[in-house]
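# A structural walkthrough
If you want the building blocks of each chain, they are given just below.
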Amino acid sequence: MSLKKYLFKRIITMFIVLMVTLLITIALVGSNMDSILKQGVSIQVRTEITDNPTIAKSFSSVTEFDFFIQTQIAQRIKIMGLDEPWYSPQRIGLSMYKILFLDFGHATFLTSDSGSSDVKEIILEKLPRTILLFTTATIIVSVIGIFLGTLAGSKIGSKTDRVTSSFAIISSSFPVWWIGMLMIFLFSFTYQIFPARATPLIPFTDPNYIGSLLYHMTLPLITIVMIGFGSWAYLVRNFIVDIVQEDFIFAKKTIGINQKKIIYKHALKNAAPPIITVLALSLSGSLGGAIITEAVFDWPGMGRLYFEAITVMDLPVIIGATYILTVFFLISIFVADLLYGYFDPRVRTEQ
Amino acid sequence: MTSITLKEIIKEFSKNRIGIAGIIILSILIFTSIMVAIFIPIDTFKEWNNPEKWISYPKVSVPVWINLFLNEKIPEHKILDNPNINNYRINDLSIISHRFGIDFEYDFFPSDFIYEFTSKYSESPLLEINVMRPDGIQLKLYSTSMPITNSYSNHNERVFSTDELIRKNLYLQSNKFEFSLINLSSQDIIFSKTGINEPLKGKYIFLIKMYGNNEANQITYSKMIIGGKAFGIMGTDELRRDLAVGILYGTPLALFIGLVVALASVIMGLLYGAYAGYKGKKTDEGMMRFNDVLYALPALPFLIILSVTISNSIFVMVGFLMIFGWVGVAKIARSMSLQIKIKGFVEAANMMGQKDRKIVLRHILPQLLPYAFASIAISVPAAITTEAGLSFLGLGDPSFPTWGQILHDANVYGASARGLWWWIIPPGIMIAITGLAFVFIGNTLEVIVNPKLKR
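Residues numbered from 1 in each chain as written. Chains lettered and ligands numbered in written order. Predicted model: local features only at pLDDT ≥ 70, side-chain atom pairs only at ≥ 80, totals over all residues.

In terms of helices and strands, chain A carries 13 helices and zero strands. Mapped in sequence order, the helices and strands of chain A form the string α-α-α-α-α-α-α-α-α-α-α-α-α. Its C-alpha atoms give chain A a radius of gyration of 27 Å, more than 25% over the compact-globule value 20 Å for 351 residues. Structurally, chain A occupies a C-alpha span of about 105 × 60 × 35 Å along its principal axes. Counting all 351 residues of chain A, 36% fall into the buried class. In chain A, 72% of the contacts between residues at least 6 apart in sequence involve partners at least 24 apart. (Helix = DSSP H or I, 4+ residues; strand = E, 2+ residues; numbered from the N terminus. Rg over C-alpha atoms; globule rule 2.2 N^0.38 Å. Buried ≥ 20, exposed ≤ 12 C-beta atoms within 10 Å, placed from the backbone. Contact = placed C-beta atoms within 7 Å.)

So, in structure tokens, the structure goes:
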């Protein structure tokens, strides 16, 4: 199969996944969304009428007035297309088309820090913070992991290897959010070094905001790194161990090239494709995992936004956030696959 | 891939120390679950969210054993419901006396005390509460005539330490103390040394007497609660619940969730993957594309939406976890099935005209079984942590005290920022230990099944 055809097929699959995700999300929240929107319309109509007393005065009886309100509401609902059920093809088609081009509408309850209720703006405000925290964490984790993993993998059975491997297995058994609670207990309660809530208290326009954000970021960052680097190191160690057992490394050893050079130059180079793939995957995976971690530390990013949206059932935000998360997830799977193919020519020929 | 018999697996397994450790931990957990099921009545966990049940327990109290490490002992919360009963008559007067003894060996005053009783009487007997202190002083706390009734009937009452009558009675006896009793709570006076206001250690006896004319008068239920800040082996939470009950009940729940999800998703994945791999061509292509779609769905956001919109019942959640669990297994089962189907015995069976279903079930699946065991063991921790995570976000089934649920409550009440470590540490440790047991077993099995990993 040619690369073009392969790419084409992957992009089609990705698109289908995106559509399926959207469809499922809309199907799950659609009926709730309708009733909320309809309520919104009737509230809007009523407030408009109460704001304008001349309309009320022009009616002679209460029933006539009520009838006027009802027809007004019905009209609005019709204009918005809400008279058809949410599962009618036009409505699903329309909302999917809108969402596809990032038009998520307005949030019902939540607002951004700057006060806007436009879902796109809310997401654009939260997303960079999540990326800041989790991307930084992933990069630190991978650097430590690669270094430690290579060290462990080059001396199988050594003390370093055994400590790294057992730390990896044990640390990955603890939920990150639980370690987060412990860290808050240790560093906010016992030793009051870091704040328990990661949301900066100063307003977002303050020039010190960035500094404060970074300070509040320290505790979650340490937690994620602490829990994450073990399994990274273990993964890299296993890749290295696999490669060290290959013939060409033995050949190099017999020639007499020194061990360090073999490991860092040849073995690590050959382990690069899977490592880069895992890096690409975990960069996006971290966004999904952010939901619980951000809830623990109260970090004002996408994860907490998602959680808040779920608790108050703010459907446009839920749909928007799910869409963005899925897009990120898909892109990174795609990139990971491409990178793997690029670094490891065997994959290409096998396809 | 080589096929391994069950016997060989057991033999290899018994040589592996980590595997054995996993088995031992798992056995302890299973044993705990069985004990819990036998000894803690099932109604207890149904009562988990019923505040009525926990009313006589203390709020956020530390585990009792913490006193072993402290120089100044924290008073234990004591629920005394086994009084020394003595009924007698003097002339026409019938006297019912209930005595509660308490060894008070702590360095802080109790937080309160409550006497709770049900009595059956007629007319209006007199109720009197006195306390005998270790230094021999007797304090009169309470004496009141009970509500008058003409018929012989039941009466429930709780006498609290904050009762005005107790305080007034204590002020009347202020000559026994060398310090001012003003603004001191009644427990701070009763348990105090006479010289200075410090706890007096020793044996206290609370004496409850009911004087009446009717011989049939009785106290049918009698309970003395000395409020403290330490309770049970695990302490209690903000809602006064005994955390030991929650942690213990979490064990069978976690094992149930983990095992059911892992078992069902591995079986589903195996069947799906093996069939797709065996059939090949268009069927394979189609089935694997569907698999790809599911694989690419972000699991956690979807689980969250599902639990919010459909149901957060624990049984439905198990089903949701399965939907996302089988996908990875199917991928691997397919590639293994691809290797097996070109082997002689499968081709022979095919040539003899056996049905596809039979070939997959009889010839391909048995070859995958060792791998299946390993992946069941490895998928258990993921299922448990995912469920715990969802519960932690408050999206789990609130009627069951799972470990995630307990941690959710802890987070809601700000346990970590308030330093309530006994509320946070045990559930997390339990999650990790359970996960580790399965990881140990799974890794050992994997090494046996796939000898290339052995090094």
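Residue and element names in this part refer to chain A. Taken N-terminus to C-terminus, the directions of helix 5 (residues 119–154) and helix 11 (residues 302–312) make an angle of 135 degrees; their axes are 7 Å apart at the nearest point. With respect to helix 11, the element helix 5 is oriented oblique. Mapping the contact onto sequence places Ile 122, Lys 126, Leu 127 and Thr 130 in helix 5 and Met 302, Gly 303 and Leu 305 in helix 11. Split into classes, the residues belonging to the contact of helix 5 with helix 11 amount to four nonpolar, two polar and one charged. (Axes fitted to C-alpha atoms, helices over the stretch in contact; angles between N-to-C directions. Parallel < 35°, antiparallel > 145°, perpendicular 65-115°, else oblique. Nonpolar A, V, L, I, M, F, W, Y, C, P; charged D, E, K, R; others polar.)

What follows deals with the interface of chain B and chain A. Taken together, the contact pairs 34 residues of chain B with 40 residues of chain A. Of all the secondary-structure elements, those providing two or more residues to the side of chain B that touches chain A are helix 7 (281–296), helix 8 (299–309), helix 11 (356–392), helix 12 (403–412), helix 13 (415–418) and helix 14 (421–449) of chain B. Broken down by element, the side of chain B that touches chain A gets its largest block of residues, eight residues, from helix 14 of chain B. Split into classes, the residues belonging to the side of chain B that touches chain A amount to 22 nonpolar, eight polar and four charged.

Another point: the packing of helix 11 of chain B against helix 14 of chain B. Residues and elements named next belong to chain B. One can describe the packing of helix 11 onto helix 14 by two numbers: an axis separation of 8 Å at closest approach and a directional angle of 160 degrees. In terms of axis orientation, helix 11 runs roughly antiparallel to helix 14. The handedness of the crossing between helix 11 and helix 14 comes out as left-handed. In this structure, helix 11 uses Pro 370, Tyr 371, Phe 373, Ala 374, Ala 377, Ile 378, Val 380, Pro 381, Ile 384, Thr 385 and Ala 388 to contact helix 14, whose residues at the interface are Ile 431, Thr 434, Gly 435, Phe 438, Val 439, Ile 441, Gly 442, Leu 445, Glu 446 and Val 449. Looking at the contact of helix 11 with helix 14 residue by residue, the class counts come to 16 nonpolar, four polar and one charged. (Left-handed = near helix turned anticlockwise from the far one by under 90°.)

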